[in-house]
Amino acid sequence: MLDRTATALIKPLVTRLARALLRAGLSANQVTIAGFLIGFLAALLIANGAYMTGAAAIFASRLCDALDGALARLTRATDRGGFLDIALDFLFYASIPLAFAFNDPARNALPAAVLLAAFIGTSSSFLAFAVIAAKRGMVSVAYPDKSFFFLGGLTEATETLAFFAAMCVWPAHFIELAYVFAALCGVTVITRIWWGWRAFS
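Residues numbered from 1 in each chain as written. Predicted model: local features only at pLDDT ≥ 70, side-chain atom pairs only at ≥ 80, totals over all residues. Heavy atoms only, no water.

Asks: Hey, could you run me through the state of the cysteines in this one?
Replies: By definition, a disulfide links the sulfur atoms of two cysteine residues through a covalent bond. A complete count under the given rule lists zero disulfides for this structure. Cys168 takes part in no disulfide bond, and the closest cysteine sulfur, belonging to Cys185, lies 16 Å away. (Disulfide = S-S within 2.5 Å.)

So this is what it looks like as C-alpha cells:
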C-alpha cells in the first residue's frame, strides 16, 4: 500500500547511489545477489538472538533491492535480472519468520508457520496475476518501471519491512505481530484474487 510513496521518497538517493555503483563497475545482478546474501545473514543473526544487528542487515538488504532496479534502469534491464530479483526476494521474505521460529521453536513456530502460509497466498496471487497479465499484454500504470506486472495490495514491501523491523525491536511480541501481519496479508490475498477475477473476465 505504501510502496509508491516510499519509492518516490527515496528515489533521488537511490539513483545517486546506483550511479556510484555503476561507476564502480558493479552490475544489477551482483547487487541483487549481494542483497540476498545480506538478507540471509539477517536471518542467521535473528535465529541466534542478535535482533538489532539482524534488523540493520534487513534494511541493508532492502537497500540493495532498491539499488538493483535503479542500476538496471541506468544500464539495460533484462528478463533474467527481473527473474532473479523476484525469486530471491521471496526467499528472503520467507527466511525472516523462519529465523524467529528457529530462535524459539516452542513460542514462535506456529505463528511463523501461519505467517509463512499468508506469504504463500500473497506471493502466489501476485505471481499468478503477473503471468496472466503478461499473456494479455497488460502494463502496470502504477509501477511502469517493473520488469513484470506489479500488482499492489494492502501489504507490500514497505509494510513487510516495517513489521520485520518491529519484530526485531520487540521480539517478545513476535507472536502478536506475526498474527496481525498474517491477517493483513490475508486481506491482500482476498483483494488480489478479486481483482484478478474481475480483470480476467
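Asks: What's the story with the packing of aromatic side chains in this structure? I'm lost.
Replies: What describes a pair of aromatic rings is the distance from one ring centre to the other and the angle between the planes of the rings. On inspection of all chains with the given rule, the structure shows 10 aromatic pairs. Residues Phe90 and Phe126 carry aromatic rings whose centres are separated by 6.1 Å and whose planes lie at 85° to one another, so their mutual orientation is edge-to-face. Taken as a pair, Phe90 in helix α4 (residues 79–103) and Phe126 in helix α5 (residues 105–135) lie far apart in primary sequence, 36 residues in all. Judged by relative accessible area, Phe90 falls into the partly exposed class, the value being 26%. Feature note: the residues Phe92, Tyr93, Phe119, Phe163, Phe164 and Phe181 constitute an aromatic cluster, connected by ring pairs. Above the plane of the ring of Tyr93 lies Arg62, whose end atom (NZ or CZ) is 5.5 Å from the centre. (Phe/Tyr/Trp six-rings, centres within 6.5 Å; stacked < 30°, edge-to-face > 60°. Helix = DSSP H or I, 4+ residues; strand = E, 2+ residues; numbered from the N terminus. Buried < 20%, exposed > 50% of the residue type's maximum accessible area, 1.4 Å probe, protein only. Lys NZ or Arg CZ within 6 Å of the ring centre and 35° of its normal.)

Asks: Honestly, the pattern of salt bridges in this entry has me stumped. Any pointers?
Replies: Where charged atoms from two side chains of opposite charge approach closely, those side chains can pair. The final tally for this structure, using the stated rule, is two salt bridges. Note that Arg62 is salt-bridged to Asp65, the shortest N-O span being 3.5 Å. Placement of the pair is Arg62 and Asp65 together in helix α3 (residues 51–74), with a separation of three residues, close to one helical turn. Among the residues examined, Arg62 registers a relative accessible area of 12% and is labelled buried. As a salt-bridge pair, Asp89 and Arg62 come within 3.1 Å of each other at their nearest N and O atoms. (Salt bridge = Lys/Arg side-chain N within 4 Å of Asp/Glu carboxyl O.)

Asks: What is the right way to look at the environment of Thr160 in this model?
Replies: Checked against the element boundaries, Thr160 lands in helix α6 (residues 157–169). Excluding its chain neighbours within four sequence positions, the residues that come into contact with Thr160 are Tyr93, Phe119 and Phe181. (Contact = heavy atoms within 4.5 Å.)

Asks: It is not clear to me how helix α2 (residues 28–47) should be interpreted in this structure. Could you clarify?
Replies: Residues lying three or four places apart along an α-helix face the same way, a consequence of the helix completing one turn every 3.6 residues. Its 20 residues place the ends of α2 29 Å apart at the C-alpha level, agreeing with the 28 Å of an ideal helix rising 1.5 Å per residue. Those residues of α2 that sit buried are Ala28, Val31, Thr32, Gly35, Gly39, Ala42, Ala43 and Ile46. End-on, the buried residues of α2 take up no more than an arc of 125°, which puts them together on one face. At the exit of α2 stands Gly49, carrying a positive phi of roughly 85°. (Expected span 1.5 Å × (residues − 1). Arc of directions from axis to C-beta.)

Asks: Even after reading the chapter, I still don't get the packing of α6 against helix α7 (residues 174–199), so can you show me in this structure?
Replies: Each pair of packed helices can be summarised by the angle the axes make with each other and by the distance between the axes. For the pair α6 and α7, the least separation of the axes is 9 Å and the interaxial angle reads 170°. One way to sum up the angle between α6 and α7 is to call them roughly antiparallel. Judged by the twist between their axes, the crossing of α6 over α7 is right-handed. Contacts between α6 and α7 involve Glu159, Thr160, Phe163, Ala166 and Met167 from the first element and Phe174, Leu177, Ala178, Val180, Phe181 and Leu184 from the second. Its residues assigned to classes, the contact of α6 with α7 comprises nine nonpolar, one polar and one charged. (Axes fitted to C-alpha atoms, helices over the stretch in contact; angles between N-to-C directions. Parallel < 35°, antiparallel > 145°, perpendicular 65-115°, else oblique. Left-handed = near helix turned anticlockwise from the far one by under 90°. Nonpolar A, V, L, I, M, F, W, Y, C, P; charged D, E, K, R; others polar.)

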